[in-house]
Amino acid sequence: MTIKEVIKAAKSKNPKLNEELIYKAFLFAKKAHQGQKRMSGEPYLQHPLETAHLLAKIGLGDDTTIAAGLLHDVPEDTKYSLKQVEKKFGKEIAFIVSGITKVGKIKLRGKKEEYDLENLRRMFLAMASDIRTVLIKLADRHHNMTTLYAKEPEKQYRIARETLEIMAPIANRLGMGELKGSLEDMAFKYVFPKKYKKTLELTREKYKQRKKAVNSAIKEINGILKKEKIKAIDIHGRAKHLYRLYLKLKRHDMNIDKIYDLVAIRIIVPQIRHCYETLGIIHKYYKPLIKRIKDYISLPKPNGYRSLHTTVFGPGRTLLEIQIRTPQMHEEAEFGIAAHWIYSTDKKFLDTLLKRDKKDQNLEKFKKIKSLKKELNWVKQLRSWQNSMNTDSQEFFESLKIDFFKDRIFACTPGGDVLDLPEGATPIDFAYAIHTEVGNSMIQAKAEGEPVSFDYNIQNGEVIEIITQKGKKTPNEKWLDFAKTGVAKSKIRQSLKKSKKINITY
Ligand code: MN
């Protein structure tokens, strides 16, 4: 990769690119990484160049993002400090670069439950604090995944798992389906090597056959639609990503013959009435499998997804899945992935809440829904921004500061559990959030390895260690003033009451 290629790619998305700034960032990165090599043996500079190039390729061609992409590893990995970056490139670029250094510290530790993974994702977004930081981090990870083979096996597994469980879901939330699929597929190999191999073996032949069948079917359908005077905007084949395919196979006893959408055909037509017309024409020429005709236009999926789906006996009687939609539905389908994510994690929980009596509703849970909704809006905003990338994008970027976690902080235990706490939370809140006993027996607290007072305000991303004394059962009454959360306060009160009772009995 060369800087010329990066500039060319960025310019194709943003004709007003400040080439001088990009070149200056390149020269600075070159000087800073001079002599450094990647584990793969390449000069280090290739990595920021690849990162910046991918950013441009996925549509992020603005000056700040590309420059920050080129500089993203300078403060962490070279003798040049963040201050020096700021002096040379200004506050904004330095701010974004510092965010990348911060989120780079988030690591998966040990095997975690789903709940903790979700908190890790939130911590990632909260600490990134700017959408551009998130996107650069995703591009950075994408390139790191392509050279993961050069790392030691233990690191390979950890990084790949992080990619699968933190990065890909975030890309998904941003509606970046392609990036998500590619991150998942690269991670799949390292996280589940045997399953990866099996899926490949199981599908390789079938996939080739399907692709061939789909290509000839597209030609035939094109002819049919022309003859029937339907103006298709686009007809294309869509191959299923390998990791997604594996998940689907798992639901079908690993029987590849049950997967009809290994390669599906997508037909994009101008209006809704054309969708139904096209479906009718397709059925006139190819017999459908009756159970697999799905009208998601009149009956959209819970996440809002709309399209007509049908599986037909195509040319040569091969089973083919065909998806028919308008350009707008096609756009929404991308966004719908994000909505789907929220639904699949919180649908049950939303449902139970809606059924419950209002008085009964738990405030914390309500807040959670509110933040999910806020998040959804944020994704919507991002979506519209992506659509208007070619206009003056600077304004949009400025409005994309991540603020839906503004009043929450995320802190870890030394073991890697992530706790979601309100802003201003103290070690007392942290200890009681782990367990009542941990709170009651607390004698000291450390933040990032340094002792802190009990009224210390925990900062985002900090590792907090609670030191306890065995057998200590009573909190200090003063702690009530230091606790920020209702949970900690009520636990302290309960424990104090209990200890008084015991005292009387004695
Ligand atoms: Mn990097």
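Each remark here, short or long, concerns the structure printed above.
This is a predicted model, so every value here is computed, not measured.

Draft legend 1. Main features of the coordination of the manganese ion. Every protein donor of the manganese ion is accounted for by His47 (NE2), His72 (NE2), Asp73 (OD) and Asp140 (OD), and the metal-donor separations fall at 2.1 to 2.3 Å. Spacing between the donor residues of the manganese ion along the chain follows H-x24-H-D-x66-D. With a gap of 68 residues between them, histidine 72 in the loop between helix H4 (63-71) and helix H5 (74-77) and aspartate 140 in helix H9 (residues 131-146) connect regions that are remote in the sequence. With a relative accessible area of 1%, histidine 72 lands in the buried category.

Draft legend 2. Representation of unusual backbone geometry within the structure. Even without a glycine there, the phi angle at aspartate 253 is positive, about 50°. On the secondary structure map, aspartate 253 appears in the loop between helix H13 (242-251) and strand E2 (263-268). For aspartate 253, a relative accessible area of 67% corresponds to the exposed category. Phi is positive for methionine 254, which is not a glycine, with a value near 55°. Turning to its location among the elements, methionine 254 is positioned in the loop between H13 and E2.

Draft legend 3. Expanded view of the packing of aromatic side chains. Counted according to the given criterion, the structure contains 9 aromatic pairs. Between the aromatic rings of phenylalanine 192 and tyrosine 246, the centroid separation amounts to 6.5 Å while the plane-to-plane angle is 35°, which identifies the pairing as tilted. With phenylalanine 192 in the loop between helix H11 (177-191) and helix H12 (193-227) and tyrosine 246 in helix H13, this residue pair connects regions lying 54 residues apart in the sequence. A relative accessible area of 27% means that phenylalanine 192 is categorised as partly exposed. Ring centres of phenylalanine 454 and tryptophan 479 lie 5.4 Å apart, and the angle between their planes is 85°; this geometry places the pair in the edge-to-face category. Linking phenylalanine 454 in the loop between strand E9 (450-452) and strand E10 (464-468) with tryptophan 479 in helix H20 (residues 479-482), this pair joins segments that are 25 residues apart in sequence. As far as the burial class goes, phenylalanine 454 and tryptophan 479 line up, both buried. The ring of phenylalanine 89 is capped by lysine 24, whose NZ or CZ atom sits 5.1 Å from the centre of that ring. The residue whose ring lies beneath arginine 317 is phenylalanine 313, and the NZ or CZ to ring-centre distance is 4.5 Å.

Draft legend 4. Up close: the sheet that holds E9. Read across the open sheet, the 3 strands follow the order E9-E8-E10; overall the sheet is antiparallel. The strands lining the two open edges of the sheet, one partner per strand, are E9 and E10. Ignoring strand direction, the axes of neighbouring strands in this sheet form an average angle of 40°. Sheet topology note: the strand E8 (residues 442-447)/E10 ladder contains 5 bridges and is antiparallel. The partner of alanine 447 across the bridge, within E10, is isoleucine 464. Packed on one face of the sheet, helix H18 (residues 427-434) meets E8, E9 and E10 and runs near 75° to E10.

Draft legend 5. Region of interest: H12. Between the first and last C-alpha of H12 there are 48 Å, a value that for 35 residues agrees with the 51 Å anticipated at 1.5 Å per step. At threonine 203, H12 is deflected by roughly 40°, the largest bend along its length. Taken together, the buried positions of H12 are Tyr196, Thr199, Thr203, Lys206, Arg210, Ala213, Val214, Ala217, Ile218, Ile221, Ile224 and Leu225. Where the residues of H12 are buried, they touch H11, strand E1 (234-239), H13, E2, helix H14 (272-285) and strand E5 (319-325). Once H12 finishes, lysine 229 follows within two positions and takes phi at roughly 65°, a positive value.

Reading the values: rules and limits
Residues numbered from 1 in each chain as written. Predicted model: local features only at pLDDT ≥ 70, side-chain atom pairs only at ≥ 80, totals over all residues. Heavy atoms only, no water. Donors = N, O, S within 2.8 Å, 3.2 Å for Na, K, Ca; no water. Helix = DSSP H or I, 4+ residues; strand = E, 2+ residues; numbered from the N terminus. Buried < 20%, exposed > 50% of the residue type's maximum accessible area, 1.4 Å probe, protein only. Phe/Tyr/Trp six-rings, centres within 6.5 Å; stacked < 30°, edge-to-face > 60°. Lys NZ or Arg CZ within 6 Å of the ring centre and 35° of its normal. Pairing = 2+ DSSP bridges. Axes fitted to C-alpha atoms, helices over the stretch in contact; angles between N-to-C directions. Contact = heavy atoms within 4.5 Å. Expected span 1.5 Å × (residues − 1). Bend = angle between axes of the 7 residues up to and from the residue.

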